[in-house]
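Read off the chains here:
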Amino acid sequence: MKELRQIRDAVISALRAEGLAAEAAYPGKWAAERKMPLASVSVGAAAGRALGLGGYLGQTRDGKGEVREVYGKRLEGVITVDVRAERAEDCEMGGETAASALLGKLPEGIRPGELSWEALAWEKQTGLFLRRGKLRCEALFLAEAGDEGPEFLDFILKGVLQSEQPA
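Residues numbered from 1 in each chain as written. Predicted model: local features only at pLDDT ≥ 70, side-chain atom pairs only at ≥ 80, totals over all residues. Heavy atoms only, no water.

Chemist: Talk me through the nonpolar core; I want residue IDs and the actual numbers.
Modeler: By size, the foremost hydrophobic cluster in this structure holds 27 residues, and its most contacted members are Ile 7, Val 11, Leu 15, Ile 79 and Val 81. Secondary structure elements with two or more residues in this core: helix H1 (2–17), strand S2 (38–61), strand S3 (67–85), helix H3 (88–104) and strand S6 (128–146). Ranked by residues supplied to this core, first place goes to H1 with seven residues. (Core = buried A, V, L, I, M, F, W, Y, C linked by side-chain atoms within 4.5 Å. Buried < 20%, exposed > 50% of the residue type's maximum accessible area, 1.4 Å probe, protein only. Helix = DSSP H or I, 4+ residues; strand = E, 2+ residues; numbered from the N terminus.)

Structure, rendered in structure tokens:
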């Protein structure tokens, strides 16, 4: 699913921007070859729903002044971040860096919810320490009606769409 890949790639970019090595899951052999903490990222369970009536949000003008219909979609999902390192201390530090990025450094189009971490564990398969975190989040996507129907674009980074909040 294209949207899940976009979320995963945005999380990887946010982790890297904070100085934590990050790759798409599933690590396999390359995790054991690293000498520094490494986060592997995947997006698990996901459920989507349209915004507006049938996803319709209204109209906008493109750069040429042509009117385009805009559709929206909200995707709720769970991002899994596995931090692995040779030393327990490095794994803990990687988890702290990941938590900071997940709660405060993601693009505005990804709204973080509950973040939970499992206890630090030794992973026999890789011979590394492992700290697994899961972040519930929602991501907002836009689509413009193209010549052949709606084409989904990247999620909104500027927070143009606002989630419903009690008054």
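Chemist: How would you explain the environment of Leu 20 if you had to name every residue and give the values?
Modeler: Locating Leu 20 in the fold gives a position in the loop between H1 and strand S1 (21–24). Looking at Leu 20, the relative accessible area reads 6%, which means it is buried. Taking the C-alpha atoms as reference points, Leu 20 and Ala 101, separated by 81 residues in sequence, lie 9.5 Å from one another. Other than its neighbours up to four places away in sequence, Leu 20 contacts Leu 15, Pro 37, Ala 39, Gly 94, Thr 97 and Ala 98. (Contact = heavy atoms within 4.5 Å.)

Chemist: Run through H3, naming residues and quoting values.
Modeler: For H3, with 17 residues, the first-to-last C-alpha span of 24 Å sits near the 24 Å given by 1.5 Å per residue. Listing the buried residues of H3 in full gives Asp 90, Cys 91, Gly 94, Gly 95, Ala 98, Ala 99, Ala 101 and Leu 102. (Expected span 1.5 Å × (residues − 1).)

Chemist: So, H1: which residues are in play, and what are the values?
Modeler: The first and last C-alpha atoms of H1 sit 23 Å apart over 16 residues, in line with the 22 Å expected at 1.5 Å per residue. Among the residues of H1, Glu 3, Leu 4, Gln 6, Ile 7, Ala 10, Val 11, Ile 12, Ala 14 and Leu 15 are the ones counted as buried. Just downstream of H1 lies Gly 19, where phi reads positive at about 90°.

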